[in-house]
Amino acid sequence: MQKAPFIVIEGLEGAGKTTALGYIKAWLEQNSIDYIQTREPGGTPMAEQLRDLVKAIRDNEKVTPEAELLIMYASRVQLIENVIKPAQAEGKWVIGDRHDLSSRAYQGGGRGISDSLIEPIRKAVLKGFEPDLTFYLDIPPEIGLERARARGELDRIELEQMTFFTQTRAKYLEIAQSDDKIKVINAQQPAEIVGQQLQALLTEYFKR
Ligand SMILES: Nc1ncnc2c1ncn2[C@@H]1O[C@H](COP(=O)(O)OP(=O)(O)O)[C@@H](O)[C@H]1O
Ligand SMILES: [Mg+2]
């Protein structure tokens, strides 16, 4: 049996990832596909603790880009080894709300950490593990943040300056351009249109 697919949804805060997941789940259910859903950072007891640590607003301590990066990879490897790979081995599809592309875009683009630090860490930790398909929901940060603000309180990363998100978006687009397993979706369209495009790509890609 071929390994069950790992599909990831990516994008800035408020891009519509959680909303889009609903359309992906509907497609999976229509096709009677067994799946689990994950989120990053998080998804195991320890990784959820790391999520809380990295998102907490800290008045008296600067969180270094390097510490942030390492927490993201610690969380990710816990999730891959304890949840994603075991699910795939049982034939369950895995649908991820964020994955490695987030670190490359946020810590690489937003924080400006060089590839000479990120790439060796990625290689050592992921050992070639990657999603079968990634949907990147592209949105101007001011629109995404407006939506996220309307949804509720912002965390430490969501409170960053606009340049941080502009650089993050640029890195997302740059990486997507050089990887045909990353599909760019215009997230300014109405949610139903985004959902239809995702479902059409799933049908095309997985020939259901
Ligand atoms: N395509 C869309 N157009 C307008 N509003 C949207 C769209 N997709 C999601 N929203 C709304 O924007 C907010 C953030 O969406 P959400 O799915 O939580 O984004 P994310 O998970 O990427 O942060 C929610 O209130 C949601 O209803
Ligand atoms: Mg979300």
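Okay, so let's go over this structure. (Residues numbered from 1 in each chain as written. Chains lettered and ligands numbered in written order. Predicted model: local features only at pLDDT ≥ 70, side-chain atom pairs only at ≥ 80, totals over all residues. Heavy atoms only, no water.)

Counting its regular elements, the protein contains 8 helices and 5 strands. Counting helices and strands in the order they occur from the N terminus, the protein gives β-α-β-α-α-β-α-α-β-α-α-β-α. Relative to the 2.2 N^0.38 estimate, which gives 17 Å for 208 residues, the radius of gyration of the protein is 16 Å and therefore close to what a compact globule would have. Seen through its principal axes, the protein has C-alpha atoms that stretch 50 × 35 × 30 Å. The buried share of the protein, taken over its 208 residues, is 49%. Residue pairs in contact within the protein that sit at least 24 positions apart in sequence constitute 82% of those at least 6 positions apart. By element, 50% of the accessible surface of the protein is carried by carbon and sulfur atoms, the whole surface being about 10,300 Å². (Helix = DSSP H or I, 4+ residues; strand = E, 2+ residues; numbered from the N terminus. Rg over C-alpha atoms; globule rule 2.2 N^0.38 Å. Buried < 20%, exposed > 50% of the residue type's maximum accessible area, 1.4 Å probe, protein only. Contact = heavy atoms within 4.5 Å. Areas by Shrake-Rupley, 256 points an atom, 1.4 Å probe, with all protein chains shown as cover.)

Moving on, we come to the site of ligand 1. Around ligand 1, 14 residues are found, and the nearest of them are G14, K17, T19, R151 and Q189. A distance of 2.9 Å is found between an oxygen atom of ligand 1 and a side-chain nitrogen or oxygen belonging to T18. A distance of 2.6 Å separates an oxygen atom of ligand 1 from a polar atom in the side chain of R151. For ligand 1, whose unbound accessible area comes to 560 Å², protein coverage reaches 72%. Among the cavities detected, the one that contains ligand 1 is the largest pocket. Elements that contribute at least two residues to the shell around ligand 1 include exactly α1 (17-30) and α6 (141-151). In terms of residue count, α1 provides more of the shell around ligand 1 than any other element does, 3 residues in total. Residue composition of the shell around ligand 1, by class: 5 nonpolar, 5 polar and 4 charged. (Near = heavy atom within 4 Å. Polar contact = N/O pair within 3.5 Å; in protein donor to acceptor, adjacent residues only side chain to side chain. 1 Å grid on protein atoms, 1.4 Å probe; cavity = no way out; pocket = protein on both sides within 12 Å on 5 of 7 lines; lining within 4 Å. Sits in = over half its atoms within 2 Å of the grid points. Nonpolar A, V, L, I, M, F, W, Y, C, P; charged D, E, K, R; others polar.)

By themselves, these are just geometric observations and shouldn't be taken as functional.
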